[in-house]
Amino acid sequence: AVKEAASLINSSPEVTRNCLRDGSPNLWFTVMAESKTAMGKVIAEIETKAMRGPVRAIPAIMMFRVKAGVK
């Protein structure tokens with residue numbers, strides 16, 4: 001059931017990361033969208049398709065930009 005939910009979440013182009021963690025809630029993912037409205041639509045669609053209970057939106061407090069490069 002978790003693998004199916006993860007696959008569904010990963011199918012959304014707005015999802016940038018998805019990981020399984022110990023505890024509850026245990027499937028965490030990040031969403032990047034052009035607005036709060038767009039983000040809400042992505043989350044609502046995932047919640048509807050997954051049918052596994054509510055998706056809790058936890059807004060980021062700080063944003064980090066990771067610069068990957070070859071040295």
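Residues numbered from 1 in each chain as written. Predicted model: local features only at pLDDT ≥ 70, side-chain atom pairs only at ≥ 80, totals over all residues. Heavy atoms only, no water.

**Looking at the overall build of the protein chain**
Secondary structure summary: the protein chain contains two helices and two strands in total. When the elements of the protein chain are put in sequence order from the N terminus, they spell out α-β-β-α. Judged by the C-alpha coordinates and their principal axes, the protein chain covers about 45 × 30 × 25 Å. Of all 71 residues assigned to the protein chain, the portion counted as buried reaches 15%. As displayed, the protein chain has an accessible area near 6400 Å², and 58% of this comes from carbon and sulfur atoms. Each charge class in the protein chain can be summarised by its mean position, and for the 11 positive and 6 negative side chains these summaries are 9 Å apart. (Helix = DSSP H or I, 4+ residues; strand = E, 2+ residues; numbered from the N terminus. Buried < 20%, exposed > 50% of the residue type's maximum accessible area, 1.4 Å probe, protein only. Areas by Shrake-Rupley, 256 points an atom, 1.4 Å probe, with all protein chains shown as cover. Lys, Arg positive; Asp, Glu negative; His and termini not counted. Charge placed at Lys NZ, Arg CZ, Asp CG, Glu CD.)

**Description of the packing of aromatic side chains**
Per the counting criterion, the structure on display carries zero aromatic pairs. Sitting above the plane of the Trp28 ring, Arg21 keeps its charged end 5.1 Å from the centroid. (Phe/Tyr/Trp six-rings, centres within 6.5 Å; stacked < 30°, edge-to-face > 60°. Lys NZ or Arg CZ within 6 Å of the ring centre and 35° of its normal.)

**Quick word on the pattern of salt bridges**
Two side chains with opposite charge may pair up if their charged atoms get near one another. For the structure shown, the criterion picks out one salt bridge. Between Lys49 and Glu45 there is a salt bridge, and its shortest N-O distance comes to 3.0 Å. One end of the pair is Lys49 and the other is Glu45, both in helix H2 (residues 36-50) and four residues apart, which spans about a single turn. (Salt bridge = Lys/Arg side-chain N within 4 Å of Asp/Glu carboxyl O.)

**Considering the nonpolar core**
If you look at the biggest cluster of nonpolar residues, it comprises five residues: Ile9, Val15, Val31, Val42 and Ile46. Residue contacts for Val42: discarding those within four places in its chain leaves Ser12, Glu14 and Val31. (Core = buried A, V, L, I, M, F, W, Y, C linked by side-chain atoms within 4.5 Å. Contact = heavy atoms within 4.5 Å.)

**Some thoughts on the environment of Ile61**
Looking at the secondary structure, you find Ile61 in the segment after H2. Each C-alpha atom, one on Ile61 and one on Ile9, is 22 Å from the other, the two residues being 52 residues apart in sequence.

**Details of H2**
Because each turn of an α-helix spans 3.6 residues, side chains separated by three or four positions end up pointing in the same direction. Here H2 spans 21 Å end to end across 15 residues, near enough to the 21 Å set by a 1.5 Å rise per residue. Within the span of H2, buried status applies to Val42, Ile43, Ile46 and Ala50. Within H2, the buried residues cover an arc of 95° as seen down the axis, which keeps them to one side. Exposed and oriented more than 90 degrees from the buried face of H2 are Thr37, Lys41 and Thr48. Close packing links the buried residues of H2 with helix H1 (2-10), strand E1 (15-20) and strand E2 (27-31). Met51 lies just past H2 and shows a positive phi near 50°. (Expected span 1.5 Å × (residues − 1). Arc of directions from axis to C-beta.)

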